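Residue-level structure breakdown
Each chain is listed here by its residues.
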Amino acid sequence: MISSSNVVELIVILVMVGHVFVCPYTKVEESFNIQAIHDILFHRTNISQYDHLQFPGVVPRTFLGPLVIAASSFPPVGFTQLLGCSKFVAQYIVRLALGNLVLLGLFMFSQAVREKFGPVTAKLSLIITATQFHFMFYMSRTLPNTFALVLVLFALRSWLRQHHRLFLWQSGVAILVFRSELAIFLGILLLLHLFHGRISFVTIIKTILPAGVVILGMTVLVDSLFWGRWLWPEGEVMWYNTILNKSANWGTSPFMWYFLSALPRALSCSMFLVPIGLLLSPRTRQLVLPALMFVFIYSFLPHKELRFIIYVIPVCNVAAAEAMHKVWINRGKSSFQAMLCLVSVLHLLGNLATTGMFLYTSHSNYPGGEALARLHQIEPLNADVHVHIDVAAAQTGITRFGQLYDNWRYNKTEDLAPGGVDMLSFTHIITGDPSHLPLYSNTHTTVAEVVSFNRVAFNRDKPPFLFWKHSPKMWILKRQ
């Protein structure tokens with residue numbers, strides 16, 4: 001027989017898969033890893049053809065995550081290629097492979113929650129997570145944060161089970177390879193066990209010294225091979241973002257932005273249950289408070305994005321699940337308890353409503369990917385196509401997985417003068433800048449425009465009151 005736990009896990013799996021198919025394209029933050037996975041799968045040892053060398057980013061990133069995903073995706077990708085499937089099918093496969101890794105970590109974490117807080121809380125935390133948008137959405141996104149998330153979930157499981165040496169190794173990989181700021185979150189958890197005498201300082205030193213040498217040596221050796229110079233990628237990222245504080249170049253947010261904007265959006269209606277869980281179930285505090293302390297400390301960096309704190313969502317959901325469990329047990333004690341129990345159950349519908357809105361918005365927010373797919377529909381395979389992809393298009397969904405035809409030439413060179421000689425040499429141009437269109441009025445014809453999400457409008461006189469406004473965001477030009 002299928003247990004209720006298996007049903008819950010199946011629901012979470014289906015939700016993850018659904019997010020991948022509704023939003024198959026990727027954004028600029030995912031660019032390095034998705035391109036690296038493509039290059040490992042299709043260019044293999046021909047590193048000179050890799051995207052990161054032809055179009056390098058601001059800071060280097062590690063290849064260890066892409067190597068793992070490429071290795072696990074290689075058999076199904078190879079099979080689909082033998083069947084003659086579109087190369088874009090491979091992008092679905094690699095994103096599902098990453099999503100499966102995060103699911104594995106989430107289910108392992110849930111097992112530890114089951115042992116610590118009971119089976120009901122473990123199942124409720126998974127159900128709550130499945131009804132929220134951001135965690136399930138980011139689960140298959142090829143972000144450095146998502147690769148780190150896998151290790152954080154395993155580390156949290158080890159921490160709850162007090163498997164300290166394993167916790168230190170898993171934390172070391174997460175910090176030294178993928179996201180150095182996790183030293184704050186995982187370090188707080190370690191200090192908590194050190195303070196309570198659950199681990200000795202000697203054990204910590206004996207573990208982290210060899211672990212640090214092995215992990216650091218692994219990333220330096222592997223990544224230096226791919227980048228063609230000696231480097232520690234996450235060390236350079238940490239120097240750029242933290243020491244030089246250059247991340248502020250990408251925008252800044254107020255100090256309390258994570259607490260007043262990011263967490264309420266990520267937790268959705270479950271947000272109000274978290275303090276109730278902390279109040280009714282004191283044992284959740286040792287898990288949730290370090291996570292909130294991490295968010296507070298990380299708030300001192302001016303550049304903020306929700307993905308930077310994605311790790312605290314499943315932790316906060318444990319407190320929300322404990323709140324649901326407690327109010328359910330006490331539902332018969334008073335009318336207030338019964339009402340609170342009803343609200344706690346109905347809040348899942350609120351989560352689903354907000355998830356539906358976020359998912360619909362995201363579905364129509366990748367005009368670059370849509371434009372390239374449209375170009376492949378407009379022009380035949382044997383056409384002589386040399387297409388230029390501008391920055392806006394490259395940042396909103398175009399990857400090498402979407403470059404379907406080997407005989408076509410795809411160019412992402414930046415800083416070419418709009419309307420200049422170099423730009424006029426392309427047979428096609430995909431641009432997201434409407435101010436450039438007049439520059440090509442005599443040389444190119446607009447063969448298609450891609451409409452994408454613009455804003456949400458409110459009209460109190462016309463149900464359902466909220467309306468999603470769309471507008472042209474990407475144009476495909478063809479040389480006359």
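Residues numbered from 1 in each chain as written. Predicted model: local features only at pLDDT ≥ 70, side-chain atom pairs only at ≥ 80, totals over all residues. Heavy atoms only, no water.

1. Some words on the overall build of the protein chain
Threshold: Secondary structure is summarised from DSSP: a helix means a run of H or I of at least four residues, a strand means a run of E of at least two, and numbering begins at the N terminus for each. For the radius of gyration, the atoms used are the C-alpha atoms, and the globule rule reads 2.2 Å times the number of residues raised to 0.38. Partly exposed residues are those whose accessible area sits between 20% and 50% of the maximum for their type, while under 20% is buried and over 50% is exposed, using a 1.4 Å probe and protein chains only. In what follows, a contact means two residues having at least one pair of non-hydrogen atoms within 4.5 Å.
When you go through the protein chain residue by residue, the secondary structure sums to 20 helices and 5 strands. The C-alpha radius of gyration computed for the protein chain amounts to 24 Å, which stays within 12% of the reference 23 Å derived for 480 residues, consistent with globular compactness. In terms of principal-axis extent, the alpha carbons of the protein chain reach across some 75 × 65 × 50 Å. The buried share of the protein chain, taken over its 480 residues, is 52%. Excluding contacts between residues fewer than 6 apart, the proportion of contacts in the protein chain whose partners are at least 24 apart in sequence is 77%.

2. A look at the packing of aromatic side chains
Stated formally: The pairing test for Phe, Tyr and Trp rings, Trp by its six-membered ring, is centres within 6.5 Å, and the orientation test on the planes gives stacked under 30 degrees, edge-to-face over 60, and tilted for anything in between. We call a charge positioned over a ring when the NZ of a Lys or the CZ of an Arg lies within 6 Å of the ring centre and within 35 degrees of the ring normal.
On inspection of all chains with the given rule, the structure shows 26 aromatic pairs. Seen from their ring centres, F21 and Y92 are 4.8 Å apart, and the 25 degrees between their planes marks the pair as stacked. You can see F21 sitting in helix α1 (residues 4–22) and its partner Y92 sitting in helix α5 (residues 88–117), a full 71 residues away along the chain. The class of F21 is partly exposed, set by a relative accessible area of 47%. Pairing F185 with F294 gives two aromatic rings, centres 5.5 Å apart and planes at 25 degrees, and the pair type is stacked. Here F185, found in helix α10 (residues 182–195), pairs with F294, found in helix α15 (residues 285–298); they are 109 residues apart in sequence, far enough to count as distant. The exposure class assigned to F185 is buried, which follows from its relative accessible area of 0%. Among the aromatic residues, ring-to-ring pairing joins F185, W257, Y258, F294, Y298, F308 and Y311 into one connected group. Here the guanidinium or amino end of K27 rests over the ring plane of Y366, the centre of that ring lying 5.0 Å away. Over the aromatic face of W328 sits the side chain of R331, whose NZ or CZ is 3.9 Å from the ring centroid.

3. Describing the pattern of salt bridges
We count it as follows: By definition here, a salt bridge exists when the distance from a side-chain nitrogen of Lys or Arg to a carboxyl oxygen of Asp or Glu is within 4 Å.
This model, assessed by the stated rule, comprises 12 salt bridges. Put simply, E181 and R179 hold a salt bridge, and the shortest N to O gap is 2.7 Å. You can call R179 buried: its relative accessible area is 3%. Put simply, R409 and D384 hold a salt bridge, and the shortest N to O gap is 3.6 Å. With R409 in strand β2 (residues 409–411) and D384 in the loop between α18 (367–378) and β1 (386–389), this pair connects stretches of sequence that are 25 residues apart. Residue class for D384 comes out exposed when judged on its relative accessible area of 59%. Via salt bridges that share partners, D39, D51, R400 and K412 belong to a single interconnected network.

4. Some remarks on the sheet that holds strand β4 (residues 444–458)
Inclusion rule: At least two bridges found by DSSP between two strands are what make those strands a pair. Each axis is a line fitted through C-alpha atoms, taken for helices only over the stretch in contact, and angles between the N-to-C directions span 0 to 180 degrees.
Spatially, the 5 strands line up as an open sheet ordered β2-β1-β3-β5-β4, and their pairing is mixed. Either end of the sheet is taken by a strand with one partner, and the two such strands are β2 and β4. Across the sheet, the mean angle from the axis of one strand to that of its neighbour is 20 degrees, orientation sign disregarded. Across the sheet, helix α17 (residues 335–363) touches β4 and β5 (466–479), and the angle it forms with β5 is around 15 degrees. Lying over the sheet, α18 contacts β1, β2, β3 (428–431), β4 and β5, oriented at roughly 145 degrees with respect to β4.

5. Notes on unusual backbone geometry
Of all residues except glycine, most have a negative phi; of all peptide bonds, most are trans. For R44, which is not a glycine, the phi torsion comes out positive at approximately 55 degrees. Here R44 lies in the loop between α2 (31–42) and α3 (51–54). Positive phi outside glycine occurs at S268, with the angle close to 55 degrees. Mapped onto the secondary structure, S268 falls in the loop between α13 (257–267) and α14 (273–280). A relative accessible area of 15% means that S268 is categorised as buried.

6. Focus on the nonpolar core
Heads up, the condition is: To form a nonpolar core, buried Ala, Val, Leu, Ile, Met, Phe, Trp, Tyr and Cys residues must be joined to one another through side-chain atoms within 4.5 Å.
Core analysis: the largest hydrophobic core is formed by 115 residues, its most contacted members being F135, L182, F185, L287 and Y311. Top element by residues in this core is α5. It accounts for 15 residues. Here F135 is in contact with V102, L106, T129, L149, L153, I310, I313 and P314, once residues within four sequence places are set aside. With 17 residues, the next largest nonpolar core counts L375, V385, Y410 and I430 among its residues.

7. Observations regarding the environment of L194
For L194, the position within the fold is in helix α10. Residue classification places L194 among the partly exposed positions, given a relative accessible area of 28%. If near-sequence neighbours (up to four positions away) are discounted, L194 is found in contact with I199, S200, F201 and I204.

8. Some remarks on the packing of α5 against helix α8 (residues 144–160)
Helix-helix packing is characterised by the crossing angle of the two axes and by the distance between the axes. Keep this limit in mind: Our angle categories are set so that under 35 degrees counts as roughly parallel, over 145 as roughly antiparallel, 65 to 115 as roughly perpendicular, and the remainder as oblique. By convention, the crossing between two helices is left-handed when the near helix turns anticlockwise from the far helix through less than a right angle, and right-handed when the turn is clockwise. Polarity classes work like this: nonpolar for Ala, Val, Leu, Ile, Met, Phe, Trp, Tyr, Cys and Pro, charged for Asp, Glu, Lys and Arg, and polar for all others, with Gly in that last group.
Close contact between α5 and α8 brings their axes to 8 Å; oriented N to C, the two are set at 20 degrees. One element, α5, and the other, α8, form an angle in the roughly parallel class. The handedness of the crossing between α5 and α8 is left-handed. Contacts between α5 and α8 involve L98, L101, V102, L104, G105, L106, M108, F109, Q111, A112, V113 and K116 from the former and T146, F147, L149, V150, L153, F154, L156, R157 and L160 from the latter. Across the contact of α5 with α8, the residue classes tally to 16 nonpolar, 3 polar and 2 charged.

9. Quick notes on a nonpolar patch on the surface
Filter applied, for reference: Excluding any residue in a salt bridge, patches collect residues exceeding 30% relative accessible area, merging like charges within 9 Å and nonpolar Val, Leu, Ile, Met, Phe, Trp and Tyr side chains within 5 Å. Here, Shrake-Rupley sampling with a 1.4 Å probe gives the accessible areas, and only protein chains in the shown set may cover a residue.
On the surface, F201, I205, I208 and L209 cluster together into a nonpolar patch covering about 370 Å² of accessible area. Residue position: I208 is located in helix α11 (residues 201–227).

10. Section: α18
Along an α-helix, residues three or four positions apart point the same way, because every turn accommodates 3.6 residues. This is how it is decided: Any helix carries an expected span of 1.5 Å times its number of residues minus one.
Helix length check: α18 (12 residues) gives 16 Å between terminal C-alpha atoms against 16 Å at 1.5 Å per residue, within 8%. Buried within α18 are the following residues: P367, G368, G369, A371, L372, L375 and H376.

None of the figures reported here should be taken as evidence of function without further support.
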